[in-house]
Amino acid sequence: MRDVDYISVAEESIKKIKAGAFLTVKSGAGLNTMTVGWATFGFVWRKPIMMVAVRSSRHTFGIIEAAGDFTVTVPAGDMRKEIAFCGSESGRSVDKFKKCNLETTDGCKVNSPVIKTSGIHYECKIIYKSAMDPVHLDKNYDSLLYPEKDYHTLYFGEIVACYETD
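The present account deals with the structure reproduced in this document.

1. Structural notes on helix α2 (residues 59–66)
Right, so step 1: Every buried residue belonging to α2 is among T60, F61, I63 and I64, and all of these are buried.
Right, so step 2: For α2, the elements touching its buried residues are β2 (21–27), β3 (30–36), β5 (47–55), β6 (69–75), β9 (119–131) and β10 (152–165).

2. Describing the side chain of D69
Right, so step 1: Inspection of the secondary structure puts D69 in strand β6.
Right, so step 2: Put simply, D69 is tucked away with no salt bridge, and the nearest opposite charge, on K26, sits 9.3 Å away.
Right, so step 3: A distance of 3.0 Å separates a polar side-chain atom of D69 from the backbone nitrogen of N111.
Right, so step 4: Aside from chain neighbours lying at most four places away, what touches D69 is V25, V110, N111, S112, C124, K125 and I126.

3. Overview of the nonpolar core
Right, so step 1: Ranked by internal contacts, the top residues of the largest apolar core, which has 27 residues, are L23, M50, V52, F70, V72, Y122 and Y155.
Right, so step 2: Counting residues per element, this core draws most heavily on β9, at four residues.
Right, so step 3: Discounting chain neighbours no more than four positions away, the residues touching V72 are A21, F22, L23, M50, V52, I120, H121 and Y122.
Right, so step 4: Within the second largest apolar cluster, nine residues are counted, among which are M79, F85, F97 and L102.

4. Looking at the pattern of salt bridges
Right, so step 1: Using the criterion set out here, one finds five salt bridges in the structure.
Right, so step 2: Where E158 meets K47, a salt bridge forms, and the shortest distance between an N and an O atom there is 3.9 Å. Taken together, the residues span a long stretch of sequence, with E158 in strand β10 and K47 in strand β5 at a distance of 111 residues.
Right, so step 3: Exposure remark for E158: the relative accessible area of 16% places this residue in the buried category.
Right, so step 4: According to the relative accessible area criterion, K47 is partly exposed, its value standing at 35%.

5. As for helix α3 (residues 80–88)
Right, so step 1: Within α3, the full set of buried residues consists of I83, F85 and C86. Seen from one end, α3 has its buried residues packed into an arc of 165 degrees, which puts them on one side. Along α3, the residues that are exposed and aim more than 90 degrees away from the buried face are R80, K81, G87 and S88.

About the thresholds
Residues numbered from 1 in each chain as written. Predicted model: local features only at pLDDT ≥ 70, side-chain atom pairs only at ≥ 80, totals over all residues. Heavy atoms only, no water. Buried < 20%, exposed > 50% of the residue type's maximum accessible area, 1.4 Å probe, protein only. Helix = DSSP H or I, 4+ residues; strand = E, 2+ residues; numbered from the N terminus. Contact = heavy atoms within 4.5 Å. Lys, Arg positive; Asp, Glu negative; His and termini not counted. Salt bridge = Lys/Arg side-chain N within 4 Å of Asp/Glu carboxyl O. Polar contact = N/O pair within 3.5 Å; in protein donor to acceptor, adjacent residues only side chain to side chain. Core = buried A, V, L, I, M, F, W, Y, C linked by side-chain atoms within 4.5 Å. Arc of directions from axis to C-beta.

Shown next, in the form of structure tokens:
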């Protein structure tokens, strides 16, 4: 494991996240990973931040609501099958870790684990969350992206650790 400066790998991560990355969260006995294709990086409140969006209809939503942190693993290798599966199946009905042969390893600074694979790992402490208010959403996006009205909640995580594994 090599600590890396998140700024130096953020641009690369954003490109890869478009193809999918693993958002993993743990709270009590609840543990799940899901595919994310949306995330942002920046400085907010004088802190390095990663913001992820989770729909209220997702199994992960209930877990992250009770959690104080999350991790994002941006895999270095070809994990298209696993990313597709974790983005199309619910942790309510299937053990994604078992089905995809995904192992986790403890986070260095947070309770939520990371996916044990080569890639870049972000450990984030939730410092703010905000449910989307559709009143403020462009109507074209609303009808196109939210036909079921299951809006995202935005989770702002302070990046407390960022590292790369082989």
